[in-house]
Amino acid sequence: MHYLKMNIFSFLKSIAFISKYTCKVSIFTMLSTLPFYVIAQQNNMDSISNLPYEQLDKYFEKYNIDTSIDLKYARAYLNKAKKDQDTLRIANAFFHLSRCYTDSMSLYYTDSVILFTKEKNYDLYPERGYLLKANYLSYKGNYEEAIKFYYTTHEISIRKNNKLYPYTSKFNIAALKNRLGYTREALGIFKEYATFIETHPVQNQKQLLSISLLNIGTAYFYLGKTDSAEIVIKRGLTLSHSMEDTYLYPNFLILSGANLYKLKKYKRAIDSLNKGKKYFNEQVNIMISNMYLGKTYYALKDYEKAIGYLTSIDSFLVKSGNIELELLETYPVLIEHYKNKKDIEKQLIYTERLLHLDSLYDRKYHNSINLINRRFNIPELVKSREELLKELQQKALSSKRNMYLLLLTCILALLAMAYFIARNRVYKKRFKKVISNAPGKAYEVTVTNKNTADIDESLISEILMKLKKFESSNKFTNKNLTLTALAKELKTNNRYLSKIINENKGCNFANYINDLRIEFAIGKLKTDEKFRAFTIKAIAGEAGFKTAQSFSLTFYKRTGIYPSYFLQQLQKIN
């Protein structure tokens, strides 16, 4: 089971700011409930259009979004810029318009920003457009595409020596890492971002610092550093309360309640969670509050209230299909509760649901996790290497030894890359072979009768018939099956059965049974969609293996690929 992470994106409110480096950025709102479209009357539009650009720009240097008014100003800004044929101002207008929506219109205006500026070299563009698009894709849960655009933003801003955007793109990547389980790595980036905000003059500095503190506090919380989390949360509560921020403040309250639960300060936890919960309309935030309220009441042995909160989360996950990993913490409590009550039926229901949802989450975000590591960390290493080479050339102090080491590193990196590419090709061929193989192929062996010469042929035929019946019965999935037990069932002795299996199946008893189990697992994975949703451990158990490790090793020995890879490829073709 993964470490369960709080939904960091539910904490990010729409913001925009300007630094002394002339960098403006927007973190896309995930949970806006504002109206999407307001038509401004023409006379208002004309009057706003007559305002100078400096005044229009000044209007958008704010933290909160007022959709109806912002739309009027943004459209007036666009009309004025089009009239003046000012490409940079047009891009600004598209940027402001994109922030007024949370639907496909936001993406339309974001793409317009990129289209108008990708061939330009403005201070703010095109990276501003790429960052906004990445945030929108994160909001929609398309993490793989979001990561690509964060990477593009990071690459362009580094090349242009932009001071702020690298921190912002890394911050958003860290938020994704935190969501997908890499909290320790994310914490370092959150701290780095907070330090930058505190030490550089930026617009809306307090709001940005509050967001940083919320992420840092959440990371400490999930790393089990409750004392550190409490210090950061108190600072965040004070800061967000002083700004009268009705979004960040309740999130700090919820985080505080969860942390107080871990500190076993249950009454204060309930008070904080209930206070924070009142601010929210979004179901995910309400469910996170309910989960910690349920766990707190469970710790207080008020089981009726606890189960009421926890079952509401189960209903939400089943009905919405929105798998938030942190909410899966609900199920171990429900399972324990019904185990104590000796209610096997409900215990089984919640166990199966947890396995199913956890497996779905793994498969949904597997590619995102890999993409984070491939597309963000590796370019960082490449950048460091390039900077080192440049420094060595400028100072002319490089030694042959260092050059040889660098060359060796590059060669090893290329060899490693070639190895992984070649291995992937081999695995694909092996996968196709497994998919196309008919059942029972492993047992088409040449019979020599050398080992069974002392056994009557009629007895051999009889035992082979019984083995065929045994193979079709799936009794080999019994984890405790032994040669003695099978010989007893087939009404023969160990020695005869062992010889006949060796001679006619081309392997010993253990390999014979394991091959049957692997063949069973492959067949079921090919045809049974529900079976494909199981974890590797669960599949191993269904096939008759005692551990997931023994199953994986046997699967690889039989097919040349691991079951995790086989499942991944099956998912692609299904």
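Residues numbered from 1 in each chain as written. Predicted model: local features only at pLDDT ≥ 70, side-chain atom pairs only at ≥ 80, totals over all residues. Heavy atoms only, no water.

Participant: Let's hear about the overall build of the protein: which residues, and what values?
Facilitator: The helix and strand tally for the protein stands at 26 helices and 2 strands. Here the protein, with 574 residues, has 49% of them falling under the buried criterion. Contacts in the protein between residues at least 24 apart in sequence constitute 66% of all its contacts with a sequence separation of at least 6. (Helix = DSSP H or I, 4+ residues; strand = E, 2+ residues; numbered from the N terminus. Buried < 20%, exposed > 50% of the residue type's maximum accessible area, 1.4 Å probe, protein only. Contact = heavy atoms within 4.5 Å.)

Participant: If you had to explain a nonpolar patch on the surface to someone new, which residues and values would you point to?
Facilitator: Among the surface-exposed residues, L405, L407, L408, I411, L412 and L415 lie close enough to one another that they form a single nonpolar patch of about 560 Å² accessible area. Position of L407 relative to the elements: it lies in helix α18 (residues 400-436). (Patch = residues over 30% accessible without salt bridge, like charges linked within 9 Å, V, L, I, M, F, W, Y side chains within 5 Å. Areas by Shrake-Rupley, 256 points an atom, 1.4 Å probe, with all protein chains shown as cover. Salt bridge = Lys/Arg side-chain N within 4 Å of Asp/Glu carboxyl O.)

Participant: Residue-level account of the pattern of salt bridges, with values.
Facilitator: What the rule picks out here adds up to 15 salt bridges. In this structure, the salt-bridge partner of R235 is E198, at a minimum N-O distance of 2.6 Å. With R235 in helix α11 (residues 226-242) and E198 in helix α9 (residues 183-199), the pair connects residues that are 37 residues apart, well separated along the chain. Beyond isolated ion pairs, a larger network of salt bridges with shared partners links D57, D86 and R89.

Participant: How would you summarise the packing of aromatic side chains if you had to cite specific residues and measurements?
Facilitator: Tallying each qualifying case throughout the model produces 26 aromatic pairs. Look at Y59 and Y73: their rings are 3.9 Å apart centre to centre, the planes differ by 10°, and that puts the pair in the stacked class. Here the residue Y59 occupies a position in helix α2 (residues 53-59), and Y73 occupies one in helix α3 (residues 67-84), the gap between them amounting to 14 residues. Y73 sits in the partly exposed class, given a relative accessible area of 22%. (Phe/Tyr/Trp six-rings, centres within 6.5 Å; stacked < 30°, edge-to-face > 60°.)

Participant: Provide a residue-level description of the packing of helix α13 (residues 266-277) against helix α14 (residues 283-299), including the pertinent values.
Facilitator: Packing of α13 against α14 leaves a shortest axis separation of 10 Å and a crossing angle of 160°. The angle between α13 and α14 places the two elements in the roughly antiparallel class. The two elements α13 and α14 cross, and the hand of that crossing is left-handed. Here Y266, A269, I270, L273, N274 and K277 of α13 come into contact with α14, specifically with I286, S289, N290, Y292, L293, T296, Y297 and A299. Looking at side-chain class alone, the contact of α13 with α14 contains 9 nonpolar, 4 polar and 1 charged residues. (Axes fitted to C-alpha atoms, helices over the stretch in contact; angles between N-to-C directions. Parallel < 35°, antiparallel > 145°, perpendicular 65-115°, else oblique. Left-handed = near helix turned anticlockwise from the far one by under 90°. Nonpolar A, V, L, I, M, F, W, Y, C, P; charged D, E, K, R; others polar.)

Participant: Break down α14 for me, citing the residues and quoting the values.
Facilitator: An ideal rise of 1.5 Å per residue puts 24 Å on 17 residues; α14 measures up with 24 Å between its terminal C-alpha atoms. Of all 17 residues in α14, 15 are buried; the element is thus mostly enclosed. Following α14 by one or two positions, K301 adopts a phi angle in the positive range, close to 65°. (Expected span 1.5 Å × (residues − 1).)

Participant: Requested: an account of the nonpolar core, with residues and values cited.
Facilitator: Ranked by internal contacts, the top residues of the largest apolar core, which has 68 residues, are Y292, L317, L327 and Y331. Looking at which element gives the most residues to this core, the answer is helix α10 (residues 205-222), with 10 residues. Core analysis: the second largest hydrophobic core is formed by 39 residues, I455, Y512, F520 and A521 among them. (Core = buried A, V, L, I, M, F, W, Y, C linked by side-chain atoms within 4.5 Å.)

Participant: Outline the environment of E529, supporting the account with residue identities and numerical values.
Facilitator: Examined against the element boundaries, E529 turns out to sit in helix α23 (residues 529-532). The sequence separation of E529 and L570 amounts to 41 residues, and the corresponding C-alpha distance is 10.0 Å.

Participant: An account of a positive patch on the surface is needed here, citing residue identities and associated values.
Facilitator: Where like charges cluster on the molecular surface, the positive patch consists of R425, K428, K429, K432 and K572. The element that contributes the greatest number of residues to the positive patch is α18, accounting for 4 residues. Structurally, the position occupied by K572 is in helix α26 (residues 563-573). (Lys, Arg positive; Asp, Glu negative; His and termini not counted. Charge placed at Lys NZ, Arg CZ, Asp CG, Glu CD.)

Participant: Report on the confidence of the model for the protein, specifying residues and quantitative values.
Facilitator: A low pLDDT means the predicted coordinates there should not be read in detail. Taken as a whole, the protein shows an average pLDDT of 77; of its residues, 79% reach a score of 70 or greater. Long-range and interchain partners of residues 371-389, a stretch whose pLDDT sits below 50, account for 28 contacts in this model, where long-range means more than four residues apart. Predicted confidence is poor over residues 439-447, with pLDDT under 50, and the contacts of this stretch with residues over four places away or in other chains come to 18 contacts. (pLDDT = per-residue confidence, 0-100.)

Participant: If you had to explain unusual backbone geometry to someone new, which residues and values would you point to?
Facilitator: Unusually for a residue other than glycine, K264 sits at a positive phi of about 65°. With respect to the helices, strands and loops of the structure, K264 is situated in the loop between α12 (248-262) and α13. Phi angles above zero are rare outside glycine, and N474 is one such case at about 65°. Topologically, N474 is positioned in the loop between α19 (457-473) and α20 (483-489). N474 sits in the partly exposed class, given a relative accessible area of 32%.

Participant: Please give an account of the environment of K305 that cites residues and values.
Facilitator: Relative to the elements of secondary structure, K305 occurs in helix α15 (residues 303-320). For K305 and G294, which are 11 residues apart along the polypeptide, the C-alpha to C-alpha distance reads 6.9 Å.

Participant: Please set out the packing of helix α8 (residues 165-180) against α9 residue by residue, giving values where relevant.
Facilitator: Where α8 meets α9, the closest approach of the two axes is 8 Å, and the angle between their N-to-C directions is 150°. One way to sum up the angle between α8 and α9 is to call them roughly antiparallel. Seen from above, α8 lies across α9 with left-handed handedness. In this structure, α8 uses Y167, T168, K170, F171, A174, A175, K177 and N178 to contact α9, whose residues at the interface are T183, E185, A186, I189, F190, E192, Y193 and F196. Residues belonging to the contact of α8 with α9 are distributed by class as follows: 9 nonpolar, 3 polar and 4 charged.

Participant: Residue-level account of helix α4 (residues 87-98), with values.
Facilitator: Helical geometry note: an α-helix holds 3.6 residues per turn, so side chains three or four residues apart project in the same direction. Spanning 12 residues, α4 covers 16 Å between terminal C-alpha atoms, matching the ideal 16 Å at 1.5 Å per step. Burial of α4 is extensive: 10 of the 12 residues sit out of reach of the surface. Among all positions of α4, only R89, I90, A91, N92, A93, F94, F95, H96, L97 and S98 are buried. You can read the cap of α4 off the contacts: a side-chain oxygen lies 3.2 Å from the backbone nitrogen of L88, and it is on D86. (Polar contact = N/O pair within 3.5 Å; in protein donor to acceptor, adjacent residues only side chain to side chain.)

Participant: I'd love a proper account of the environment of I197, names of residues and values included.
Facilitator: Along the chain, I197 turns up in helix α9. Placed 15 residues apart in sequence, I197 and S212 show a C-alpha to C-alpha distance of 8.8 Å. Not counting chain neighbours up to four residues away, the residues in contact with I197 comprise V202, Q205, L208 and L209.

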